[in-house]
Amino acid sequence: RRLAARPPAACGRAPGRKAGAALAPALRDAARMVSRVAAGRSLADELGVGAEEGGPAARAALLDLTHGTLRRYGRVQAIVAALSRRGQPDALVQALLWCALYALESGRYAQYTVVDQAVRACALLERWTAKGYVNGLLRTYLREQTALEARIRAGDEARYQHPQWWIDNVRAAYPGAWEDILAAGNSHPPMTLRVNARRSALASYAQRLAQAGMSARALGGEALLLERPVPVERLPGFAEGEVSVQDAGAQRAAALLELSPGQR
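None of the values given here were measured: they were computed from a predicted structure.

Rules used in this analysis
- Residues numbered from 1 in each chain as written.
- Predicted model: local features only at pLDDT ≥ 70, side-chain atom pairs only at ≥ 80, totals over all residues.
- Heavy atoms only, no water.
- Helix = DSSP H or I, 4+ residues; strand = E, 2+ residues; numbered from the N terminus.
- Buried < 20%, exposed > 50% of the residue type's maximum accessible area, 1.4 Å probe, protein only.
- Contact = heavy atoms within 4.5 Å.
- Areas by Shrake-Rupley, 256 points an atom, 1.4 Å probe, with all protein chains shown as cover.
- Axes fitted to C-alpha atoms, helices over the stretch in contact; angles between N-to-C directions.
- Left-handed = near helix turned anticlockwise from the far one by under 90°.
- Nonpolar A, V, L, I, M, F, W, Y, C, P; charged D, E, K, R; others polar.
- Core = buried A, V, L, I, M, F, W, Y, C linked by side-chain atoms within 4.5 Å.
- Pairing = 2+ DSSP bridges.
- Phe/Tyr/Trp six-rings, centres within 6.5 Å; stacked < 30°, edge-to-face > 60°.
- Lys NZ or Arg CZ within 6 Å of the ring centre and 35° of its normal.
- pLDDT = per-residue confidence, 0-100.
- Salt bridge = Lys/Arg side-chain N within 4 Å of Asp/Glu carboxyl O.

Each helix and strand in the chain was counted, giving 13 helices and four strands. Residues counted as buried form 38% of the 264 residues belonging to the chain. Across the chain, the fraction of contacts at a sequence separation of at least 24, relative to all contacts at a separation of at least 6, is 68%. Surface exposure of the chain reaches about 14800 Å², of which carbon and sulfur atoms provide 52%.

Quick look at the structure:
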């Protein structure tokens, strides 16, 4: 569930009318995916077969909503549970509310846009009877946000954004640093590239990035750390297999295995 998402825009910033109008379909698709991930599926698999209608902008909104929501899974789950006074809604409506809460907190959209588009998304999900419930819960959250904050932070999962079993294990293993470790787990990971040594040298690919307006520094081996994350479509030669996205730690792991020809 814990996957990278691009940093949120400046708080309070609202996009134009076109972006707001596209939010309901994005919330619909994100709710479907998040509900399946909550049931045990992989987000990577879901995105591999996800909706593509609307072009790159719709895809970007879907990625932001799914990744951002799942990064805050404990928090948004606690908020919906705290505000659902008549029992929990079905799984799809819950997932829609989680995604809408993330959209509200991200600062990417005006508050009224998120509430309106979440209600519209109910119809797109064929959950017409949930419209009033979704509208009421989101408006209650906006009214009671300050008071609600203290209530939900009393729970470890909502506060630290990790499953309780993992929180307990980290606390036991690192009693002096467990909170810092959990905080690091919630930070945005850097975007590291692995240059395909069969296709290009590290220095020459770094020069191509610079020519494309992207700054990067070498981390050893074939790894390049981008100064700022970018969509993979912008990476020179990505579609041709000249470079891939892989964390630096994963790249270093292979070298530590002391592999030799013929091994499987």
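Having seen the structure, we can now continue with the description.
Let us look at the packing of helix α6 (residues 91-106) against helix α8 (residues 131-152). The interhelical angle for the contact between α6 and α8, taken along N-to-C directions, is 35°, at an axis separation of 11 Å. Crossing hand, α6 versus α8: right-handed. In contact with Val93, Leu96, Leu97, Ala100, Leu101, Leu104 and Glu105 of α6, α8 contributes Tyr133, Val134, Leu137, Leu138, Tyr141 and Leu142. Grouping the constituent residues of the contact of α6 with α8 by class yields 12 nonpolar, no polar and one charged.

Below, the discussion takes up the nonpolar core. Counting 46 residues, the largest nonpolar core has Leu27, Leu65, Leu96, Leu101, Val134 and Leu138 as its most contacted members. Elements represented by at least two residues in this core include exactly α2 (23-38), α3 (43-48), α4 (55-71), α5 (73-83), α6, α7 (111-124) and α8. Sort the elements by how many residues they give to this core and α6 lands first, with 12 residues. Counting 11 residues, the second largest nonpolar core, distinct from the first, contains Met191, Val195, Leu209 and Val243.

This brings us to the sheet that holds strand β3 (residues 223-226). Strands in a sheet are paired, the pairing made by backbone hydrogen bonds, and the direction either parallel or antiparallel. Here we have four strands laid out as an open sheet, ordered β2-β3-β1-β4, and antiparallel in their pairing. The sheet is open, and its two borders are formed by β2 (216-220) and β4 (243-245), each paired with just one other strand. In this sheet, neighbouring strand axes are inclined to one another by 35° on average, regardless of whether the strands run parallel or antiparallel. Pairing of β2 with β3, which is carried by four bridges, proceeds in the antiparallel orientation. Counterpart to Ala216 in the pairing with β3 is Leu226. Strands in contact with helix α13 (residues 248-256) are β1 (192-195), β2 and β3; relative to β1, the strand with the most contacts, it is inclined by about 40°.

What follows concerns the packing of aromatic side chains. On inspection of all chains with the given rule, the structure shows three aromatic pairs. Relative to Trp166, the ring of Trp165 lies with its centre 5.7 Å away and its plane at 75°, an arrangement referred to as edge-to-face. A cation over an aromatic ring shows up here: Arg171 above the ring of Trp178, its NZ or CZ 4.3 Å from the ring centre.

What follows concerns the confidence of the model for the chain. Mean pLDDT over the chain works out to 84, with 89% of the residues at or above the 70 mark. Within the model, the stretch residues 1-18 combines pLDDT values under 50 with 44 contacts to residues more than four positions away or in other chains.

Position of Arg198 relative to the elements: it lies in the loop between β1 and α12 (202-211). A C-alpha to C-alpha distance of 9.9 Å links Arg198 and Gly241, two positions 43 residues apart in sequence.

A separate point is the pattern of salt bridges. In total, this model carries 11 salt bridges according to the counting rule given. Here Arg32 ties to Asp29 by a salt bridge, and the two come within 3.9 Å at their closest N and O atoms. Of the two residues, Arg32 and Asp29 both sit in helix α2, three residues apart, roughly one turn of that helix. In this structure Arg32 comes out as partly exposed when scored by relative accessible area, which is 32%. For Glu105, the salt bridge is made with Arg75, and the minimal N-O distance between the two is 2.6 Å.

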